[in-house]
Amino acid sequence: MRLFVLLIALLNIGSLLGQQPLRWVTVKGNAPDYAGYDLVVQKVVNPISMEMADLMVVRVNEKGDFEQSIELAAVTHASIDMGKFRGHIYLEPGQSYELVLPPFKPRTDADRFNPYFVPEEIELGIANADAQGLNRSITAFDNYLTDQYNGNAVRIFANADVKLANHIMSTTDSLHSSAHPYFSKYRQYAYGELRMLAYKRNKRKAIYETFKGDSISVMMPSFIQSFNTYFKGFFNYYFSSSAGEALRDAYAKGASFDSLSSVLQKDTLFADGLFAELLLLKGFYDGFYSGRYEQETIIRLFKEATEQSAFYRIREIAAGLHKQVTWLRTGSAAPQFTLYRLDGKERSLSDYEGKFVYLNFMHTSNHTCKEELQLLNVLYKQLRRELTIVTVIMDEDPTAAEQLVKANKFKWDFLHYGAMPKVALDYRIKALPAYFVIDPTQKLRLSPAPSPKESFTPIFMEAQRKYHYEQLRREQPKQKSIYDL
């Protein structure tokens, strides 16, 4: 009896906290084109940086069959990377989805290392009618609203035509209605860009109409789109407004995250604590990369947000942003890896501890890479006592690299990324070649580092000199004074 009462109490507490019970969601289907592949189902975990995390990994067997389940507490927007395509779906707790996947088109090596490559975004097909409801409603709504926006945006903006914008929203509502609470909230946020055009002379009105309500759905795609559109470079314009003077002054005086949150919430438009703190994080993030604000201050504020915020979601987002802005930053720890040399021997980054390492990522089909390998050979001969060169080959098949190394008699370590593909993500490899200098303590000394043809030698020698000077200062024994007697 006591156990039953305790269970009821826990359920009541969960209800009071607004938590929904976990329910199973299943994805399944048959896609012979994907036989032997893993379908990685992901979701956005940071609405500002758009960082993604895995929800589940679905193995497709040799016949093309797949099935996997996961517990979710709320509707979750998910996506699957499928080579040339990225498929999207809204997963609803308690539902089972029989997916219809497009023909498989793998990415080429050129696609993988093209910083401008974007997979084609598609809505995943759902074969079972009982699971189509929410996805079908959102897709139809999005398609109609996009057509209306594209056809009327210029007119609405030129004339600040609030009447036309309201007419479009009213008509869209009448044509695309649903009792689903997720859809209602989705629709409210999705009108944000239309309101921004209409209320160009009264942005605060547009913000209020788009984000009003008792709670905000931070991870909803329409919220993310409108939020990042409205508040891009938030500090740049808010600090210069009368409403933002107090926040600007507090920021200039080095106020803590908690204090800045309190100041911003005094603006009635941002009285909601979660919304205000998310807005601060957005301002910090854009400010960090704008070059207009002191980066060390922003790094401090991200760290404080992970410790001071009363909202778990804000602490989680802030931690992700702090990691992003400090990741690969000069002076931070170099991401570790364990890979195989082309001759089959295992090598880890830790094996090079105590040495300066010139880490580079190459692809044998890239003309610049092959050209700079010859320059690396010159550096190897000139600096082999001061510098260890390590090349990570990013070819799918290492055969061409083996032939290249043998033909040119390159003597340094060549590793193949295949044993740990994550190394490309850890070092954020978007284009090749890419270079880093790692110091003897395994910290990034030059990140990114110049290529061999970009005056590398004098830059490296200066970095090496500074490192040794710093080490001497740390190791130098403290001189005793009269006060130590």
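Predicted, not measured: the structure shown is a model, and the values here were computed from it.

Criteria and cut-off values
Residues numbered from 1 in each chain as written. Predicted model: local features only at pLDDT ≥ 70, side-chain atom pairs only at ≥ 80, totals over all residues. Heavy atoms only, no water. Phe/Tyr/Trp six-rings, centres within 6.5 Å; stacked < 30°, edge-to-face > 60°. Helix = DSSP H or I, 4+ residues; strand = E, 2+ residues; numbered from the N terminus. Buried < 20%, exposed > 50% of the residue type's maximum accessible area, 1.4 Å probe, protein only. Lys NZ or Arg CZ within 6 Å of the ring centre and 35° of its normal. Contact = heavy atoms within 4.5 Å. Core = buried A, V, L, I, M, F, W, Y, C linked by side-chain atoms within 4.5 Å. Axes fitted to C-alpha atoms, helices over the stretch in contact; angles between N-to-C directions. Parallel < 35°, antiparallel > 145°, perpendicular 65-115°, else oblique. Nonpolar A, V, L, I, M, F, W, Y, C, P; charged D, E, K, R; others polar. pLDDT = per-residue confidence, 0-100. Pairing = 2+ DSSP bridges. Polar contact = N/O pair within 3.5 Å; in protein donor to acceptor, adjacent residues only side chain to side chain. Expected span 1.5 Å × (residues − 1). Salt bridge = Lys/Arg side-chain N within 4 Å of Asp/Glu carboxyl O.

1. Brief notes about the packing of aromatic side chains
How two aromatic rings sit relative to each other is given by the distance of their centres and the angle of their planes.
Consideration 1: Scanning the entire structure with this criterion turns up 50 aromatic pairs.
Consideration 2: Where Phe 231 meets Phe 270, the ring centres are 6.2 Å apart and the plane angle is 70°; that geometry is what we call edge-to-face. Highlighted residues: Phe 231 in the loop between α8 (221–230) and α9 (234–238) and Phe 270 in the loop between α11 (257–264) and α12 (273–290), separated in sequence by 39 residues.
Consideration 3: The exposure class assigned to Phe 231 is buried, which follows from its relative accessible area of 0%.
Consideration 4: The ring of Phe 157 carries the charged tip of Lys 200 above its face, separated from the ring centre by 4.3 Å.
Consideration 5: The residue whose ring lies beneath Lys 323 is Trp 327, and the NZ or CZ to ring-centre distance is 5.2 Å.

2. Quick notes on the environment of Ala 401
Consideration 1: Mapped onto the fold, Ala 401 is located in helix α16 (residues 399–408).
Consideration 2: Classification of Ala 401 by relative accessible area gives buried; the value is 1%.
Consideration 3: Between the alpha carbons of Ala 401 and Ile 70 there is a distance of 41 Å; along the sequence they are 331 residues apart.
Consideration 4: Residues in contact with Ala 401, not counting those within four places in the same chain, are Leu 342, Thr 364 and Ile 393.

3. Regarding the nonpolar core
Consideration 1: By size, the foremost hydrophobic cluster in this structure holds 69 residues, and its most contacted members are Phe 223, Phe 231, Phe 270, Leu 281 and Phe 284.
Consideration 2: Not counting residues up to four positions away in its chain, the partners in contact with Phe 231 are Ile 207, Phe 211, Tyr 237, Phe 270, Phe 275, Leu 279, Lys 282 and Asp 286.
Consideration 3: Residues Phe 113, Leu 373, Leu 376 and Val 405 belong to the second largest nonpolar core, which totals 50 residues.

4. Section: the packing of α12 against helix α14 (residues 312–326)
Consideration 1: Between α12 and α14, the shortest axis-to-axis distance is 10 Å and the interhelical angle comes to 5°. On the basis of their axis angle, the class for α12 and α14 is roughly parallel. Along the contact surface, α12 presents Leu 274, Glu 277, Leu 278, Leu 281, Tyr 285, Phe 288 and Tyr 289, while α14 presents Ile 314, Ile 317, Ala 318, Leu 321, Gln 324 and Val 325.
Consideration 2: Partitioned by chemical class, the residues of the contact of α12 with α14 number 11 nonpolar, one polar and one charged.

5. Some thoughts on the confidence of the model for the chain
Consideration 1: For the chain, the mean per-residue pLDDT works out to 92, and 94% of the residues sit at or above 70.
Consideration 2: The low-confidence segment residues 1–17 (pLDDT under 50) makes one contact with residues lying over four places distant or belonging to another chain.

6. Notes on the pairing of strand β15 (residues 434–438)
Consideration 1: For β15, the tally of buried residues reaches five of five residues, placing the bulk of the element in the interior.
Consideration 2: Taking every second residue as pointing to the same face, both faces of β15 are buried, with Ala 434, Phe 436 and Ile 438 on one and Tyr 435 and Val 437 on the other.
Consideration 3: As paired elements, β15 and strand β16 (residues 444–446) share two bridges and run antiparallel to each other. Following the sheet pairing, Ile 438 is matched in β16 by Leu 444.
Consideration 4: Between the end of β15 and the start of β16, which pair antiparallel, lie five residues, with Gln 442 showing a positive phi angle near 70°.

7. Regarding the sheet that holds strand β2 (residues 38–44)
Consideration 1: Taken in spatial order, the five strands line up as β3-β2-β5-β6-β8 in an open sheet, and their pairing is mixed. One side of each edge strand has no neighbouring strand; the edge strands of this open sheet are β3 (52–59) and β8 (120–123). The mean inter-strand angle of the sheet, taken between neighbouring strand axes irrespective of direction, is 30°.
Consideration 2: Pairing geometry for strand β5 (residues 76–82) and strand β6 (residues 85–91), over seven bridges, is antiparallel. Bridging across to β6, Thr 76 finds its partner in Leu 91.

8. Some remarks on α8
Consideration 1: Counting buried positions over the 10 residues of α8 gives seven, a clear majority of the element.
Consideration 2: What α8 keeps buried is the set Ser 222, Phe 223, Ile 224, Ser 226, Phe 227, Asn 228 and Tyr 230.

9. Side note on the side chain of Thr 172
Consideration 1: Here Thr 172 lies in helix α4 (residues 162–175).
Consideration 2: You can call Thr 172 buried: its relative accessible area is 0%.
Consideration 3: Not counting chain neighbours up to four residues away, the residues in contact with Thr 172 comprise Phe 141, Tyr 144, Leu 145 and Tyr 191.

10. Concerning the side chain of Thr 364
Consideration 1: Inspection of the secondary structure puts Thr 364 in the loop between β12 (357–362) and α15 (367–383).
Consideration 2: Within the local environment of Thr 364, its side chain forms a polar contact with the side chain of Asp 395, the two groups lying 2.2 Å apart.
Consideration 3: Those residues in contact with Thr 364 that lie beyond four places of it in its chain are Lys 370, Asp 395, Ala 400, Ala 401 and Leu 404.

11. Some thoughts on α12
Consideration 1: Here α12 contains 18 residues, and its C-alpha end-to-end distance of 26 Å stays within 8% of the 26 Å for a straight helix at 1.5 Å per residue.
Consideration 2: Most of α12 sits out of view: 16 of its 18 residues are buried.
Consideration 3: One or two positions beyond α12, positive phi appears at Gly 291, with a value near 85°.

12. Description of the pattern of salt bridges
Consideration 1: All chains considered together, the criterion is met by 23 salt bridges.
Consideration 2: The partner of Lys 303 in a salt bridge is Glu 307, with the nearest N and O atoms 2.8 Å apart. Of the two residues, Lys 303 and Glu 307 are both situated in helix α13 (residues 295–308); the distance of four residues between them amounts to about one turn of the helix.
Consideration 3: Judged by its relative accessible area of 43%, Lys 303 falls in the partly exposed class.
Consideration 4: Taking the shortest distance from any N to any O, the salt bridge between Lys 453 and Glu 371 comes out at 3.5 Å. Of this pair, Lys 453 sits in the loop between β16 and α18 (456–475) while Glu 371 sits in helix α15, and the two are 82 residues apart along the sequence.
Consideration 5: According to the relative accessible area criterion, Glu 371 is partly exposed, its value standing at 39%.
Consideration 6: If you follow the salt bridges from partner to partner, you end up with Arg 341, Asp 343, Arg 347 and Asp 413 in one network.

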